[in-house]
2 protein chains.
Amino acid sequence: MNSLKSVSLSGVDITGGFWKKRAEINRKTTIYRVYERFAQTGRFDALTLSWRAGMENKPHIFWDSDIAKWMEGAAYIIEKDGDERLEKLCDDMIDTIVKGQAPDGYFNSYFQTCEPDARFTRRVDHELYCCGHFVEAAVAYYNATGKRKLLDAMCRYVDLVEKVFKTEHSAPYFTPGHEEIELALVKLYHCTGEKRYLDLSKYFVDERGRHQESSYQQSSIYELQDQLPVREMTTAEGHAVRAGYLYSAMADIAREYADEEMLAACKRIFENISKKRMYITGGIGSSKIGEAFTLDYDLPNKTSYTETCAAISLAMFAHRMTSCELDSKYGDIFERVIYNAFPAGVSLDGDSFYYSDPMEISPRLAKRNVSRPTAQSEFPKLTRSKVFDCSCCPTNITRFTADMGEYIYFYDDNIVVVDQFIENNAEIGTDGKTTKIEMKTSYPENGTVNIKATGLNGKSLFIRIPGWCDKYSVKLSDKDASYVREKNGYLKIDSADEELFVTFEMEMPVVFVEADPRVEESAGKLAVMRGPVVYCSESVDNGSDIHGIYVDANNAEPEVVSDSEMLNTITVKGFRKTAPEGELYFNRAKASFTAEKIKLIPYYCMENRGESEMCVWLNVRTVK
Amino acid sequence: MNSLKSVSLSGVDITGGFWKKRAEINRKTTIYRVYERFAQTGRFDALTLSWRAGMENKPHIFWDSDIAKWMEGAAYIIEKDGDERLEKLCDDMIDTIVKGQAPDGYFNSYFQTCEPDARFTRRVDHELYCCGHFVEAAVAYYNATGKRKLLDAMCRYVDLVEKVFKTEHSAPYFTPGHEEIELALVKLYHCTGEKRYLDLSKYFVDERGRHQESSYQQSSIYELQDQLPVREMTTAEGHAVRAGYLYSAMADIAREYADEEMLAACKRIFENISKKRMYITGGIGSSKIGEAFTLDYDLPNKTSYTETCAAISLAMFAHRMTSCELDSKYGDIFERVIYNAFPAGVSLDGDSFYYSDPMEISPRLAKRNVSRPTAQSEFPKLTRSKVFDCSCCPTNITRFTADMGEYIYFYDDNIVVVDQFIENNAEIGTDGKTTKIEMKTSYPENGTVNIKATGLNGKSLFIRIPGWCDKYSVKLSDKDASYVREKNGYLKIDSADEELFVTFEMEMPVVFVEADPRVEESAGKLAVMRGPVVYCSESVDNGSDIHGIYVDANNAEPEVVSDSEMLNTITVKGFRKTAPEGELYFNRAKASFTAEKIKLIPYYCMENRGESEMCVWLNVRTVK
């Protein structure tokens, strides 16, 4: 088993390209817009614990997690770019939190004001989840500013959690209803060096599935990942965000304890997700009912739930898997998420959001149940929202975007791994043995990556060869370099030179992709990809009734067109099919086809130009 | 406007072929099995009005309709075949009903026992619906046996309904929550000659949509067809069975009153259904939510609701439309229903039923919401049931099957119309001017129809040319006959001969059918039809994962294979597609196809051989 380290955010400066642009929008727009909307809805006021019955803006059980994720995102921005206004906001919030913290360390703005006697009694009420997010915020803020106030407060809170749940067993349940604290505790351990926190994480992970736990009404043991002890799990089950956070923590535990049994469980689950339960965009969680995984190959397009937070949790899981086992399949899934399902969750201007990122949008179908309009709609929302009552996704987007630098590299004593192609300058490693890397790339706009590595000092340089890439070339400045193609899906380069220049050129053609035919709704259709980017068709470009569009992949003559707003667009030759006038069903010989140029945009750019039909999977017409 | 008459059941003997076989099963098995199950569940006992609080088998608001439809079916069987046991059962039930009838004519086994003070207070509680079904049973039983007891009792009941709803307006609502009595009253008028009953029907039809009526909680004005006065309607809306019964009554009213405005509304609605809101099987009602019509072209396959009773209601509507306007498009829809959506509702052995006849069945998806198993399933049932709590469909199947003879012909003073191809001997017309017809045909096993018409006496003989039929030939015994092809979609033959022999041969190839591309789930797929019969693929024949099967219509070489149980089956050359090992999404060039012979069975024969995947629409692979 590997035990690869990530490079902390302080060591990486993203200098250009896709994620620089997204980070700037995040820093200038998203973080402040979310702040304003949270302030308007009373979320920050709740920290004062001054709400009383009858007042407006009653605190909600997950508001603390919204605030904590916002603070975590702010911390990353402060760390990389400095931002006095953000830092002042955070300091004030932290003062408020610490002031409100109970003498025993407890802090929860809902329970302390609304139900002080109910603390730690209801497993499903997000208490440990909120605590976990505060811990992540505290670690991030300490790393960013060196200020320990929140970190120390959260250590006191976690000490209480350890006492109640592990030492004394005095709570009426054993493991969190919504996982999150497990992976937060691993971060707290790395930040403080306090092994107890890691052990508490392992405890929560390993106790899961071993007890008759209270759960949601109407749910099954699958919903909260209680169906089995985690080491026996083989499939991804239940609420997809909870599941993704648990699997991330499991991978952490596997790595930290060199726990092969745990890693084997992680690998089974990862295989199950990536080969049977994941949308082409990296979205997971097929069903709105329970926001959950369902069955192998059950990936409906019209009703795909695919929450943005679930996609993030899959990226987090994939990244941690690489740290346990260097295999490009993990980085491939990370990449699939960060160029598709994840950025789709926020508008291009950073100001509005999708909670759920569907594979298809049909404004017409929103009015489907005309005779029972109050029946809960199973169909996706048509337009992005400024903020949600349940606002987990916007802040998850903010913190994950601001933290992207942490996800580019891995290293240990012997290797430096370039896992993601993001323009940056980095210092990798510690103890004076740092390797410096400068990466220049417009990826995924094109497939050229220039890397300058200084001070490898005998370490091997690994560069991921993406799964989508069939053809590439490598040029090295060091003619004597020893050079292995495709070790676990990576290039492995050994050079004795102090400065090594690598030019990695991946051919990036437009590819027509099919789904396993067991994915029934996509069987017989095509998706268009270029590199890691999935494209989609919108009626804004192609006229209404986009399901009347057909593509002949053999004669589509795809063209990549540059675009000022979007990464790029693709045009393909296609057809508009029409039925004989007034015939609902007809002999196929009577269908007529008109040649039409079809414009496809990156999936992540969907629904940025007003209400529009959207689909990823295109109908096929093969002309003889 | 036409005002064509149907031939009453007494004038038609079905002598062979498809519907003779179904009628025999209906007579020997279905009618008795349904009786037994109704008896076991206390439905007949409820007629005694002896249920009291605390006893088992509490009467239900729609039990009377179950019994009435059973009696109606029994009456048709008694009329055509005689059946002393059925007649005795009916006589006993009628004695019980009449004994329990209130002095003012009211009879309802639920309200009289469970809520005597609530009669005629709740629009949605099926009271007038039950009354209507008793009226239909009474007319049928009188026609079958000449016994007036139930007929007279129901006249008294209807007199009360007229008084409460029309004369006095003393009920708190104006029109029935579940339509049915409207068309029953037309039958009662024809049986008794009492014009008041026809006027009451017209009253109920025309008052609809003119009042603020109570309705289901959470429903809209669309659900119970209250969105507009009926003459202004343009689309089929709401609960599909209710809608179909209303539209049938509207067509009756149009014909009886020569009401062109009403006919125009019927025509708009019929066009809307047949061109935009009907499955290829003739099934209607896309959504389980509200059991309802939804939107134009919203015809999802996996979640199609398509209740058997709704299909029957569409056939009834289509038949009545022909009586108003001789156009083959109406008979085409009738035919589409009776060879597909309707017979699919009962097993081949007549002993088990589908309430909802879906376009796709996937046993795997039934376990979809594994994390929230109590969430109401949106997917169809996997296997047929012996009886339902809500058992409208089995008795509707029984009565419609037994009454099929009434749907073959139309006539007036100038024409005799052969609308459906069912082997039979008939006497058409009255007053000594009867035309005798002997029809020999194995339709829809093949397209040959031999007709011997005796005594046309100057009447034109019309024979429907089905919409599916592109090529046919006609041979006449009378060389001097005047002969028009395709008048309103019919052959029109004028002969002076006392005996005319017509051989009508329709070529019946296997046809690959497409749907309007706005039917999104079927766009890009093919259905297989032969004549009016839709075929489907089952995993029982083709192995599991039937969505992995692809057909190239240009090279399918379809063969029709005779079958002892089913009408016939069709084999086509096709392919089984498989994904590259372990790849969920892949470059299309990597898919592999294995040639496979695909067996297709008539849709109506689906789910007769144990749990099986089923689909109507097949994936397409065009080989260059």
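Look up: the structure comes first, before these words.
The shown structure was predicted, so the numbers you read here are calculated from the model rather than taken from an experiment. (Residues numbered from 1 in each chain as written. Chains lettered and ligands numbered in written order. Predicted model: local features only at pLDDT ≥ 70, side-chain atom pairs only at ≥ 80, totals over all residues. Heavy atoms only, no water.)

> Before we move on, can you summarise the overall build of chain A with the specific residues and values?
When helices and strands are tallied, chain A shows 15 helices and 23 strands. Relative to the 2.2 N^0.38 estimate, which gives 25 Å for 624 residues, the radius of gyration of chain A is 25 Å and therefore close to what a compact globule would have. In terms of overall dimensions, chain A has C-alpha extents of about 80 × 75 × 50 Å along its principal axes. The contacts in chain A between residues at least 6 apart in sequence include a share of 71% that link residues at least 24 apart. If you sum the accessible surface of chain A, you get close to 21400 Å²; carbon and sulfur atoms cover 46% of it. Side chains of chain A carry 77 positive and 96 negative charges; the gap between the two charge centres is 3 Å. (Helix = DSSP H or I, 4+ residues; strand = E, 2+ residues; numbered from the N terminus. Rg over C-alpha atoms; globule rule 2.2 N^0.38 Å. Contact = heavy atoms within 4.5 Å. Areas by Shrake-Rupley, 256 points an atom, 1.4 Å probe, with all protein chains shown as cover. Lys, Arg positive; Asp, Glu negative; His and termini not counted. Charge placed at Lys NZ, Arg CZ, Asp CG, Glu CD.)

> Residue-level account of the relation of the copies chain B and chain A, with values.
For the pair chain B and chain A, the best superposition has an RMSD of 0.0 Å and corresponds to a rotation of 180 degrees with a translation of 0.0 Å parallel to the axis. On this basis, the relationship between the two copies can be described by a two-fold rotation axis. A shared interface surface links the copies, since 99% of the contact residues of chain B are contact residues in chain A too. (Least-squares fit on C-alpha atoms with pLDDT ≥ 70 in both.)

> I'd love a proper account of the interface of chain B and chain A, names of residues and values included.
The interface of chain B with chain A comprises 83 residues on the first partner and 82 residues on the second. Here chain B packs against chain A, burying approximately 6700 Å² in sum over the two surfaces, 51% of which is carbon and sulfur. Inspection of the chain B/chain A interface yields 8 salt bridges. A salt bridge links Glu-520 of chain A to Lys-302 of chain B; the shortest N-O distance between them is 2.3 Å. (Buried area = accessible area lost by both parts, 1.4 Å probe. Salt bridge = Lys/Arg side-chain N within 4 Å of Asp/Glu carboxyl O.)

> Let's hear about the packing of aromatic side chains: which residues, and what values?
Taken as a whole, this structure holds 68 aromatic pairs over all chains when the rule is applied. Considering the side-chain rings of Phe-120 of chain A and Phe-165 of chain A, the 5.2 Å spacing of their centres and the 85 degrees angle between planes classify their relative orientation as edge-to-face. Here Phe-165 of chain A lies in helix 7 (residues 149-167) and Phe-120 of chain A lies in the loop between helix 5 (111-114) and helix 6 (127-145), a separation of 45 residues in the sequence. Owing to a relative accessible area of 5%, Phe-120 of chain A belongs among the buried residues under this scheme. Lying across the ring of Phe-593 of chain A, Arg-621 of chain A places its NZ or CZ 3.7 Å from the centre. Positioned over the ring face of Tyr-106 of chain B is Arg-119 of chain B, at 4.0 Å from the centre of the ring. (Phe/Tyr/Trp six-rings, centres within 6.5 Å; stacked < 30°, edge-to-face > 60°. Buried < 20%, exposed > 50% of the residue type's maximum accessible area, 1.4 Å probe, protein only. Lys NZ or Arg CZ within 6 Å of the ring centre and 35° of its normal.)

> Quick rundown of the pairing of strand 11 (residues 482-487) of chain A? Include the residues and the values.
Residues and elements named next belong to chain A. Taken together, the 4 bridges between strand 11 and strand 12 (residues 490-494) define a ladder with antiparallel strand orientation. By the bridge assignment, Tyr-483 is partnered in strand 12 with Ile-493. If you look at the hairpin formed by strand 11 and strand 12, you'll find 2 residues sitting between the two strands, and Asn-488 has a positive phi there, around 55 degrees. (Pairing = 2+ DSSP bridges.)

> Pulling in residues and values, what's your account of the sheet that holds strand 7 (residues 435-441) of chain B?
Residue and element names in this part refer to chain B. Taken together, 6 strands build an open sheet; the order of strands is 2-6-7-8-13-10 and the sheet is antiparallel. Two strands lie at the open edges of the sheet, namely strand 2 (12-14) and strand 10 (472-476), each paired on one side alone. Strand after strand, the sheet turns through a mean of 15 degrees between neighbouring axes, direction not considered. The pairing of strand 7 with strand 8 (residues 448-454) spans 6 bridges and is classified as antiparallel. From the neighbouring strand, Lys-436 faces strand 8, where its bridge partner is Thr-454. (Axes fitted to C-alpha atoms, helices over the stretch in contact; angles between N-to-C directions.)

> Quick rundown of the packing of helix 4 (residues 84-100) of chain A against helix 6 of chain A? Include the residues and the values.
Residues and elements named next belong to chain A. Helix 6 packs onto helix 4 with a crossing angle of 130 degrees between their chain directions and a minimal axis gap of 12 Å. By the criterion of interaxial angle, the relationship of helix 4 to helix 6 is oblique. Regarding helix 4 and helix 6, the two cross each other, and that crossing is left-handed. Touching Glu-87, Cys-90, Asp-91, Ile-94 and Ile-97 of helix 4 are Phe-134, Tyr-141 and Thr-145, all from helix 6. Across the contact of helix 4 with helix 6, the residue classes break down as 5 nonpolar, 1 polar and 2 charged. (Parallel < 35°, antiparallel > 145°, perpendicular 65-115°, else oblique. Left-handed = near helix turned anticlockwise from the far one by under 90°. Nonpolar A, V, L, I, M, F, W, Y, C, P; charged D, E, K, R; others polar.)

> Describe the pairing of strand 15 (residues 527-530) of chain B, naming the residues involved and giving the relevant values.
Residues and elements named next belong to chain B. Side chains of strand 15 alternate between two faces, with Ala-527 and Met-529 and Val-528 and Arg-530 buried alike. As paired elements, strand 14 (residues 510-515) and strand 15 share 4 bridges and run antiparallel to each other. Within strand 15, the residue paired with Val-510 across the bridge is Arg-530. With 2 bridges joining them, strand 15 and strand 16 (residues 533-538) adopt antiparallel strand pairing. Within strand 16, the position partnered with Arg-530 by the bridge is Val-533. Once strand 15 ends, the chain turns through 2 residues before running back antiparallel as strand 16, passing Gly-531 with a positive phi of about 60 degrees.

In short, the description is geometric, and any link to function would need to be established separately.
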